[in-house]
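Here's the letter readout for the chains.
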Amino acid sequence: MEKRTVPLYGTKTSPLLRGTGSLPLTSSLRRLPCDPNLGPIVLNYDQCTSLNITNNGHSVVVEFDDTDDRSVIQGGPLGNPYRLKQFHFHWGGKGCHGSEHTVEGMSYASELHLVHWNAVKYKSFGQAAEAPDGLAVLGIFLDTGDDHRWLHMITDALYMVKFKASVTDFKGFNPKCLLPSSLHYWTYLGSLTTPPLHESVIWIVLKEPIIVSEKQLGKFRTLLFSGEEEDQRMRMENNFRPPQPLKGREVRSSN
Ligand SMILES: NS(=O)(=O)c1ccc(CCCCO)cc1
Ligand SMILES: [Zn+2]
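Think of each chain on its own: its residues are numbered from 1, step by step along the sequence as written. Chains carry letters from A onward and ligands carry numbers from 1 onward, assigned in written order. This being a predicted model, a pLDDT of at least 70 is required before a residue's local features are given, and a value of 80 or more before pairs of side-chain atoms are given or counted; all residues contribute to the totals for chains, interfaces and linings. Processing note: side-chain calculations cover all non-hydrogen atoms of the structure and skip hydrogens and water entirely.

Let's shift gears to the environment of serine 99. You can see serine 99 is positioned in the loop between β6 (82-91) and β7 (102-103). Spatially, the C-alpha atoms of serine 99 and tyrosine 45 are 24 Å apart, while their sequence positions differ by 54 residues. Sequence-distant contacts of serine 99, defined by excluding residues within four places in its chain, comprise Ser107, Tyr108, Ala109, Ser110, Glu111, Phe141 and Phe240. At a separation of 2.8 Å, a polar atom in the side chain of serine 99 contacts the main-chain carbonyl oxygen of histidine 101. Helix and strand definitions here come from DSSP, where helices need a minimum of 4 consecutive H or I residues and strands a minimum of 2 consecutive E residues; each element is numbered from the N-terminal end. By definition in these notes, contact holds between two residues if any of their heavy atoms fall within 4.5 Å. Polar contacts, as used here, are pairs of N or O atoms within 3.5 Å; protein pairs need one atom able to donate a hydrogen and one able to accept it. Residues neighboring in sequence count only if both atoms are side-chain atoms.

Let's shift gears to the environment of proline 180. Summarising the element assignment, proline 180 is placed in the loop between β11 (167-169) and β12 (185-190). Whether a residue is buried, partly exposed or exposed follows from its accessible area with a 1.4 Å probe, protein chains only, as a fraction of its type maximum: under 20%, in between, or over 50%, in that order. In this structure proline 180 comes out as buried when scored by relative accessible area, which is 10%. Residues proline 180 and lysine 207, spaced 27 residues apart in sequence, show a C-alpha to C-alpha distance of 9.1 Å.

To continue, consider the nonpolar core. Judged by nonpolar contacts, the single largest core of 42 residues is most densely connected at Phe87, Phe89, Leu138 and Ile154. Elements that contribute at least two residues to this core include exactly β2 (41-44), β4 (60-64), β6, β9 (110-117), β10 (135-144), β13 (201-206), β14 (210-212) and α3 (214-220). Among the elements that make up this core, the one with the highest residue count is β6 (5 residues). Those residues within four positions of isoleucine 154 in sequence are excluded, and the remaining contacts are Ile53, Val62, Phe87, Phe89, Phe170, Phe173, Leu178 and Phe220. Among the nonpolar cores identified, the runner-up in size contains 18 residues, and Ala131, Val137, Phe141 and Val205 belong to it. Among buried residues, the Ala, Val, Leu, Ile, Met, Phe, Trp, Tyr and Cys ones that are joined through side-chain atoms within 4.5 Å form a nonpolar core.

Right, let's talk about the site of ligand 1 for a bit. It suffices for a single heavy atom of a residue to lie within 4 Å of a molecule or strand for the residue to be listed as near it. Lining the immediate environment of ligand 1, one finds His88, His90, Glu100, His113, Val115, Phe125, Ala129, Val137, Leu192, Thr193, Thr194 and Trp203. In the environment of ligand 1, a nitrogen atom lies 3.3 Å from a nitrogen or oxygen atom belonging to the side chain of histidine 88. Separating a nitrogen atom of ligand 1 from a side-chain N or O atom of threonine 193 is a distance of 2.8 Å. For ligand 1, the cavity whose grid points lie within 2 Å of the majority of its atoms is the largest pocket. Elements with a minimum of two residues in the shell around ligand 1: β6 and β9. Here a cavity denotes a set of grid points, spaced 1 Å apart and computed over the protein atoms alone, in which a 1.4 Å probe fits but from which it cannot get out, and a pocket denotes an open set meeting protein on both sides within 12 Å along at least five of seven lines; residues with an atom within 4 Å of a point are reported as lining. In this scheme, a molecule is assigned to a cavity or pocket if more than half of its atoms are within 2 Å of the grid points.

The next thing to look at is the coordination of the zinc ion (ligand 2). In a perfect tetrahedron of four donors around a metal, the angles come out at 109.5 degrees. In a perfect octahedron of six, they are 90 or 180 degrees. A donor here means any N, O or S atom no more than 2.8 Å from the metal (3.2 Å for Na, K and Ca); water is not included, so a site may seem to lack partners. For the zinc ion (ligand 2), the protein coordination sphere consists of His88 (NE2), His90 (NE2) and His113 (ND1), at 2.0 Å. Note on geometry labels: four donors, all angles 85 to 135 degrees, give tetrahedral; four donors become square planar and six octahedral when opposite donors are over 155 degrees apart and every other angle is between 65 and 115; remaining cases are irregular. Bound by 4 donor atoms, the zinc ion (ligand 2) shows angles of 99 to 116 degrees at the metal and therefore tetrahedral coordination geometry. Between the donor residues of the zinc ion (ligand 2), the gaps in sequence give the motif H-x1-H-x22-H. In this pair, histidine 88 sits in strand β6 while histidine 113 sits in strand β9, placing the two residues 25 residues apart along the sequence. Taking relative accessible area as the criterion, histidine 113 reaches 1% and is therefore assigned buried.

Empty space among the atoms can be located by rolling a probe the size of a water molecule over them. Grid points are joined across faces, edges and corners, and a volume is the space filled by probe spheres set on the points. Computed from the structure, the largest pocket encloses a volume of approximately 440 Å³. Gln86, His88, Val115, Leu192 and Thr194 are the residues nearest the centre of the largest pocket, which is lined by 26 residues in total. Every element with two or more residues in the lining of the largest pocket is listed here: β4, β6, β9, β10 and β13. In terms of residues, the lining of the largest pocket owes the most to one element, β6, which gives 4 residues. By residue class, the composition of the lining of the largest pocket is 12 nonpolar, 12 polar and 2 charged. Residue classes follow a fixed rule: Ala, Val, Leu, Ile, Met, Phe, Trp, Tyr, Cys and Pro count as nonpolar, while Asp, Glu, Lys and Arg count as charged, and any other residue, Gly among them, counts as polar.

Limitation: the analysis is restricted to geometry and does not speak to function.
So, in structure tokens, the structure goes:
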């Protein structure tokens with residue numbers, strides 16, 4: 001595992017890191033027995049409506065119209081459908097790794113998070129983000145190899161959102177094209193991996209990574225943490241939070 005030199009997400013008010021965040025899926029995951037009660041996850045993204053792509057100063061985020069149940073995730077550990085709100089990425093610096101989960105100590109170059117919220121029980125995303133069963137985040141590892149045939153649709157737009165707080169239209173993108181062939185997963189109850197670190201996430205981490213090229217990943221690193229008006233330009237990289245102690249939490253495996 002690479003030596004981590006990433007700034008941990010602390011804030012002035014809460015220097016101590018709270019939240020279990022992304023757990024190290026480090027236990028002998030590969031040998032975890034499959035939990036027969038865990039059915040397959042089902043993604044209904046065909047009617048999804050992407051709206052825009054933005055640089056929020058932490059990552060690049062594609063936001064969706066979540067005013068109805070047009071794009072949901074359900075099944076698996078979820079008690080009801082969860083609405084797709086946004087997806088974003090975490091990545092490392094050149095050559096080092098950038099995933100927020102590790103599998104038996106190994107981290108990947110990057111990790112994609114598809115963020116969904118429980119609109120059956122909560123009135124808004126913000127409210128759901130504070131509830132233990134409020135969010136369901138689908139984590140997908142990015143490993144390096146050949147070019148990903150569809151990721152260029154994202155990386156070609158990154159120059160438009162180079163600076164923090166920049167946003168541009170991004171219609172007609174369906175994240176189904178970013179899924180690996182298998183939807184087998186690990187799942188556990190954890191937290192947001194960035195402030196406010198609420199313990200409100202049902203994590204569903206796919207076992208199979210998608211493959212993207214170093215060149216495509218490099219384009220993410222042309223983004224900046226800093227705003228257009230700031231004179232010091234800080235390249236956006238290593239925007240991942242290292243795994244946190246498992247603290248006895250149970251990780252379950254689908255088949
Ligand atoms: N890296 S993550 O998937 O855990 C994640 C998802 C969403 C947020 C935003 C929470 C806003 C609360 O009002 C922050 C982090
Ligand atoms: Zn994330």
